[in-house]
Amino acid sequence: MANGQWYPPQWPDRIRALADGTLTPVPPKRAATVMLLKDGPDGPSVHMLRRRASMAFAGGAYAYPGGGVDPRDDDHLIGWAGPTRAWWADRLGTDERGAQAIVCAAVREMFEEAGVLLAGAGPDTVVGDTTGEDWEADRAALVAREFSFAEFLDRRGLVLRSDLLGAWTRWITPEFEERRYDTWFFVAALPVGQRTRDVSTEADRTVWIRPLDAAAGYDKGELLMMPPTIATLRQLLPYATAAEALAAAPGRDMTPVLAQARLDGDEIVLSWPGHDEFTKHVPTTQTQPQTPHTPTGGAPA
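Parameters at a glance
- Residues numbered from 1 in each chain as written.
- Predicted model: local features only at pLDDT ≥ 70, side-chain atom pairs only at ≥ 80, totals over all residues.
- Heavy atoms only, no water.
- Phe/Tyr/Trp six-rings, centres within 6.5 Å; stacked < 30°, edge-to-face > 60°.
- Helix = DSSP H or I, 4+ residues; strand = E, 2+ residues; numbered from the N terminus.
- Buried < 20%, exposed > 50% of the residue type's maximum accessible area, 1.4 Å probe, protein only.
- Pairing = 2+ DSSP bridges.
- Lys, Arg positive; Asp, Glu negative; His and termini not counted.
- Salt bridge = Lys/Arg side-chain N within 4 Å of Asp/Glu carboxyl O.
- Polar contact = N/O pair within 3.5 Å; in protein donor to acceptor, adjacent residues only side chain to side chain.
- Core = buried A, V, L, I, M, F, W, Y, C linked by side-chain atoms within 4.5 Å.

Participant: Explanation requested: the packing of aromatic side chains in the structure shown.
Facilitator: For any pair of aromatic rings, the description consists of the separation of the ring centres together with the inter-plane angle of the planes. One pass over the full model with this rule turns up 10 aromatic pairs. Between Trp 88 and Phe 186, the ring centres sit 6.0 Å apart and the planes meet at 55°, which makes this aromatic pair tilted. Of the two residues, Trp 88 sits in helix 2 (residues 85–92) while Phe 186 sits in strand 9 (residues 181–189), which places them 98 residues apart along the sequence. Considering the side-chain rings of Trp 171 and Phe 278, the 6.5 Å spacing of their centres and the 70° angle between planes classify their relative orientation as edge-to-face. Of this pair, Trp 171 sits in strand 8 (residues 165–172) while Phe 278 sits in strand 14 (residues 275–283), placing them 107 residues apart in sequence. Here Trp 171 and Phe 278 have matching classes, each one buried.

So, in structure tokens, the structure goes:
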């Protein structure tokens, strides 16, 4: 295996079906994910989790905390700090209600999967330690969708700190995938007084790892990742601190990245615009090799 690119064995058949018109793409669902950073002596580390091998989507792959948008967060205006919803709508390429729901998804998923919460009692504060039993009860209730994130903030008297997030990039799952997501990637810094916890039911391992080390693990075939994960890790390499990465976020291009498949002789060429390293040549009459082995590596959380 040349690297740790996640490549399911069913892709070639689905790509061929898409190319010959027998596969109808499913609409992508909205999602959000967060590259949570903390500074260290050798530069920033990013918080990642390894998806359980039993997961239907990207099992065994390393990813960031994230998940789908809760439609309930489109409708309920919440306490909000930072750039306006109109600003976020322009940045994310959606309407104001959709922008609120996407930002809510990013903050909620990070709390659900890592125990970190970007919210405070006012526009200039952030909650401290969130490891108490009452916080854990609310986190579990959010995971179970017993109430919406907006309702959670209201009950706690909190405002969402959208100014602590930076929109980084946007990727849409290829049209030949069975499960498709329109995913907005964000960057954030670990708030002072908070710490991550290994609480995700979808992960069997969590790590804090430097982007350079994670990318090296991928290049060696030791860490399995989807294209947007390794692409964003490489994009973090130039930044010496979490603050530098956050400062760079507003200037980043948010044009969605969508894989393209085209016929070229007896091959189907699969490519991601602007990301040549992920290009695949799929024979039209053969099955690709098996998915890479489940990876190991990284530093304990």
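Participant: What am I meant to see in the sheet that holds strand 5 (residues 80–81) here?
Facilitator: Consider a sheet: its strands pair through backbone hydrogen bonds, and that pairing is either parallel or antiparallel. Judged by pairing direction, the sheet is mixed, and its 3 strands sit side by side in the order 5-7-6 without closing on themselves. The open sheet has two edge strands, strand 5 and strand 6 (119–120), and neither has a second partner. The pairing of strand 6 with strand 7 (residues 159–161) spans 2 bridges and is classified as antiparallel. Residue pairing for strand 7: Ala 119 is matched across the bridge by Leu 160.

Participant: Hey, could you run me through the pairing of strand 13 (residues 267–272) in this one?
Facilitator: Every regular strand shows the same layout, with side chains that alternate between the two sheet faces. Examined bridge by bridge, strand 12 (residues 260–264) and strand 13 share 5 bridges and lie antiparallel to one another. Its bridge partner being in strand 13, Arg 262 is matched across the sheet by Val 269. Sheet topology places strand 13 next to strand 14; 5 bridges connect them, and they run antiparallel. Bridge pairing in strand 14 places Ile 268 opposite Val 282.

Participant: Quick question: what am I supposed to make of the side chain of Arg 180 here?
Facilitator: Along the chain, Arg 180 falls in the loop between strand 8 and strand 9. Comment: no salt bridge for buried Arg 180; closest opposite-charge side chain is Glu 175, at 4.9 Å. A polar atom in the side chain of Arg 180 sits 2.9 Å from the backbone oxygen of Thr 173. A polar contact of 3.1 Å, which involves the side chain of Arg 180, links it to the backbone oxygen of Pro 174.

Participant: Looking at this structure, I do not really get the nonpolar core. What am I missing?
Facilitator: Generally speaking, a soluble globular protein has its nonpolar side chains buried in company with each other. If you look at the biggest cluster of nonpolar residues, it comprises 42 residues, and the most contacted ones within it are Leu 92, Leu 117, Leu 165 and Phe 186. Residue assignment for this core shows that the elements contributing at least two residues are strand 1 (29–38), helix 2, helix 3 (96–114), helix 4 (133–143), helix 5 (149–156), strand 8 and strand 9. Of the residues forming this core, the biggest block, 11 residues, is contributed by helix 3. Membership of the second largest hydrophobic core comes to 36 residues, among which are Leu 23, Trp 171, Val 207 and Tyr 218.

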